[in-house]
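# Summary of structural features
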Amino acid sequence: MARWCYRHRLVVLVLWVGALFGLGAAGTSAGTDYSNVFSLPDTDSKQAYDLMTKAFPRSSGDTDTVVWRSSGDAGPVTDTAVRSRIEPALKEIAGMRGVGEVVGPYDAKNATQISRDGRTAFAQITFTDQANEVPKDLVQKVVDTAQGAERDGLQVELGGQAITRIQEPPTGVSEVVGIAAAAVVLFLAFGSLFAMLLPIVVAIMGVGSGMMATMLLSHVTNVPEVAPLLGSLIGLGVGIDYALFIVTRHRRGIQRGLEPEESAVRALNTSGRAVLFAGGTVCIALAGMLVMNLRFLDGVVIATSLTVVLSVLAAVTLLPALLGLLGPRVLSRKQRRKLAGAGPDPAEASGPAARWSAYVQERPRSIAAMALVVMAVLALPVLSLRLGATDQGNNQESTTTRQAYDLLAEGFGPGFNGPLQVVVPGGADTTELVRTIRATDGVAQAAAAPPAGGITVIQVVPKTSPQSVGTDRLIDRLRDDVIPEAGVEAHVGGVTAVFKDFASVTGDRLPYFVGAIIGLGFLLLLIAFRSLVVPLTAALMNLIAAAASFGVLVAVFQWGWGTEFLGIGKEGPITAFLPVIMLSLLFGLSMDYQVFLVSRMHEEWVHTGDNARAVRVGLAETSRVINCAALIMICVFSAFVLSGDMEGAMAGIGLAAAVALDAFILRTALVPAAMHLLGRSNWWLPGWLEGRLPHLAVEPAESPTGPTKITGPNKNTGFDKNTEHIKTTEHIKAAEPETSGTGGATVIHGFLRTADGDPLAGASVTLVSRGGRQLDRVTSIADGSYIVSVPAPGAYILAVTARGLASRAHHVTVGGGPLVYDVELTDDGAGLVN
C-alpha cells in the first residue's frame, strides 16, 4: 500500500482534499446538535429528573440571567432611578427576534427575584433556541443592551450558557497556537521547511476530517459539546507524532543511502506498522471508557476514536504520497550536500542521546531512585483529589458570567447558584417535609411550588456553594435521613445533585476501568515482546505516570497553584469525567512511547543476547525522537488553556504534564534504569506460555545497525561449493522437524550472495514454524545482509526467495544463541552454508 500511495501520489492527495472539503461542506450545511447528557440510570437525581420532565415540560429554549446590583447613593433596586434604567432595557430585550420571554423582578409575583437587602435583583431571559443554536450576534446585542443601563452605583452582569458563548476565544485559537508551536519544534528537529510541514499537513487533514465527521454524527447520537475539543486535542497530538515517527525513519533511510521510494516504503513497513499498532491501542483505550456505562462518555469515545482513526489513516496513506512529492527534498539542503559529498551516514548512534544512555547504564540505581522521588513528590496532591463539576463560578474574574455568579451568591446566598429540587410524586402532603427540610443543617431556604400532574417540587437553597463539600453532605443528609424520616417518597434532583451522582458513579467505577486498560496493555505488550517483565514494568510505569499527572492537576486546578498565572479562573473540584478521559489518552500515549522504545531494545536483544547493550542502544537511538514527539504533544496540549473552556484547560494541562513526565522522566530515565537493574530477566517468558501466545510483529525484524558482522572463512570469499539442494517452498508444510526446544528468543542472520560472490539485495527470507506458520519475513538490504527473529531455540524452516531464481527451503536447528547462516543463490536454487 505504501508503494502504491507513493507512486500514485496525486490521486491520493486529490482524494484526501476532496474528502476534507466534502465533509466540511456537509458539516457546515447540517450544523451541530451537541447535547450534554449527564443523567445516570438507577440514580436518585435521574428519577427526580424524569418526574419533573413529566410534570413540568422544559422550555424549548435556553434560559439566561441578567443580574444588577446597586451600591452607594444609587439606592435600592426598587428605586425609581434604578427601575427607569433597567426596565426599558428589559423591554427592549424582550422585543428582540429570538427572545421568547423576559421575567423581571418588578412584578409582584416575582418579588423573590429581589434580595433581602434590596440591593440585588435578577431577570430571566428565555431564548427561543437552545444555547448552542442562539446566534452570537443576538447574544452580544442582549449583553450590550443590558449593560447599557449601567451608571455609577449600578452594575449589570449576565450569566448563562448562551452568554458564555460570546466569552469564548475565536474557534481554533488553541489549535492554531498548538500547531505553530509544534512547527517550531519540528523545524528545529528537522532543519527543513518541507519536512516540518509534512506532520502538520497530515495532522490537519486527519483532525479536520474528524471534526467535520463529528459534527455530522451529533445529529444521530448524543455527542457532548466538549467532545470535538477533546477530539482535536488528541488528534493533533497523535497525528503530528505518528507522522514524525515515520518521517524520521524515512529521512534516516535516505541518509543511510536508500533511494527515496525504497526508504519511504521501508519507513511505512517499520514505523508505519508501529503507528498502526499505537493507533489501535489508543482507540482500544478510548473504547475502554464504555466500561463506565456513562452515556455522556459515549459521544466522547466516538469523537476521539474517529479522529485518531482518521489521523492514522492519513499517516499511512497521505504521508507516503507527500513523501513522493518531495523526494530527496525531505532532507535539508545541508543534509543533501553532506550525503552527496561524504556518503551515507554511519549506523551507530552518537551525540547527547548516546552519552545519556551510557550514563544511565553506569548509574542505574541512583537515576532510578531520583526519578522515583520526583514522581512520588508530584503524586502527593492526588491524595486530596475531589471529583465534581465546574460552573460559571470558575470562570475568570473579568468575565460577565463570573461576576453575575458572584453577584447572585452575594445577594441571595452561595447556594442560590445551585439549588436542589426535592421531587415528591403521588400528590402527598409535603407540609411537614418542607418544615423538616427548612430545619435541616445546611439549608438556607426551602419552598414548595404548586403541585402539577400530581407531583410537587420543593426548591431547596443550600447555605454553601454548588461545588462545596458542605453541599454534597447536605444532599446525602436529605436522602439518607430527612426524607426517610418524613415517611414519604421523594427524590433529590437538580443540576448540583446530578453532578454529585455523576462524580460518585465515576469514582466507584474508576478502579474497574483502570484494571481493564492496564490489563489490556499488559496483554498487548506480552504478545508483542514475548516477555512477562516488560509488560509488568510498563503497567507499573503507567500507574506512576497517572498518579503524578493527577497530582499536578490537583495542585493547579483544585488547590489553585498558578491559576492566576495561567489565566484559567477560580480553583474548584476536578471535572468528574476527566480522569476517565485522561487515563484513556495517557494509556494510549504511554503505549506509543513504550512500544517505540522497547521494540528497538528488543531488536538489539534478539540480535546480540546482551541486555545491557540492548537497553543502551535502544535508548540512544529512540530517546531523541521520543523527546521531540513529547515536546510537540506538550505544545499542542498546553495551547488548549487558550480554549476558554475549563474542561479543555484541565485536559490540556493534565495531558501535557502526563506526557512530559512520561517521556522525560519515565521513558528516558526510570524505564531504562530499571531494565539495566533487571538484566536478562527483562526478557523472561516461561516455555509453556511461549508456545501458547500468538505472534504479533510490531515491526518486521531488520538489523537496525546495518549488516551483521560475521567471522569465518566464507565472510568475503564466497561459499562452500558442496551446497545441498533442498525442498521447494511448495513442500514446506510437509517438512516437519523432529524436535523443538523452548527458551529465550534469538535470531538467524547472515549474508545473501550470488554465485559470483556479489551481494544480493531485495531477496525475501522467511522463517516458518514446523506447523507451516510464518514467524518472520525480511528483505535483504544493499550489502546482502539479513536477520530474522526466532522466538525460541528449536527446529524451523528457512525459505529464501529472489526474483528470477527458484524458491528453496531448508530445515535449520537453532540453539540458545544467534545462528549465522550465509546463503548463496544460483539459477538452480539456494544453498545454506553454516
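Remember, predicted model here, so these are calculated numbers, not experimental data.

Before going further, it helps to spend a moment on the nonpolar core. Counting 161 residues, the largest nonpolar core has Tyr242, Met289, Leu297, Phe557, Tyr593, Ile632 and Phe637 as the members making the most contacts within it. Here this core takes 19 residues from helix H23 (residues 646-678), the largest share from any one element. Filtering out sequence-adjacent residues up to four positions away, Met289 remains in contact with Leu297, Val300, Val301, Phe513, Val580, Ile581 and Ser584.

With that settled, consider the sheet that holds strand S2 (residues 99-103). Spatial ordering of the open sheet is given by S2-S3-S1-S4, a layout of four strands whose pairing is antiparallel. Whereas interior strands pair on both sides, the edge strands pair on one side only; in this sheet they are S2 and strand S4 (154-159). The sheet shows a mean angle of 20° between the axes of neighbouring strands, direction not considered. Pairing of strand S1 (residues 63-70) with strand S3 (residues 120-127) involves seven bridges; the strand directions are antiparallel. Across the sheet, Val67 pairs through a bridge with Phe122, a residue of S3. Taken strand by strand, helix H4 (residues 80-94) contacts S1, S2, S3 and S4, and its axis lies near 155° from that of S2. Contacts from helix H15 (residues 400-412) reach S1, S3 and S4 within the one sheet, and its direction differs from that of S4 by about 110°.

Another point: the sheet that holds strand S6 (residues 420-424). Judged by pairing direction, the sheet is antiparallel, and its four strands sit side by side in the order S7-S8-S6-S9 without closing on themselves. The open sheet has two edge strands, strand S7 (443-448) and strand S9 (491-493), and neither has a second partner. Shown here is a sheet whose adjacent strand axes are inclined to one another by a mean of 25°, direction ignored. In this sheet, strand S8 (residues 456-462) lies alongside S7 in antiparallel orientation, the contact comprising five bridges. Within the sheet, the bridge partner assigned to Ala446 lies in S8 and is Val460. Running over the sheet, helix H3 (residues 44-55) touches S6, S8 and S9 and is turned about 85° from S9.

Packing of helix H17 (residues 469-486) against helix H18 (residues 495-529) brings their axes to within 11 Å, and their N-to-C directions diverge by 90°. By the angle between their directions, the pair H17 and H18 is classed as roughly perpendicular. When H17 is examined against H18, the residues Thr471, Asp472, Ile475, Asp476 and Arg479 are found in contact with a partner set consisting of Thr496, Ala497, Lys500 and Asp501. Across the contact of H17 with H18, the residue classes tally to two nonpolar, two polar and five charged.

Cut-offs and rules
Residues numbered from 1 in each chain as written. Predicted model: local features only at pLDDT ≥ 70, side-chain atom pairs only at ≥ 80, totals over all residues. Heavy atoms only, no water. Core = buried A, V, L, I, M, F, W, Y, C linked by side-chain atoms within 4.5 Å. Buried < 20%, exposed > 50% of the residue type's maximum accessible area, 1.4 Å probe, protein only. Helix = DSSP H or I, 4+ residues; strand = E, 2+ residues; numbered from the N terminus. Contact = heavy atoms within 4.5 Å. Pairing = 2+ DSSP bridges. Axes fitted to C-alpha atoms, helices over the stretch in contact; angles between N-to-C directions. Parallel < 35°, antiparallel > 145°, perpendicular 65-115°, else oblique. Nonpolar A, V, L, I, M, F, W, Y, C, P; charged D, E, K, R; others polar.

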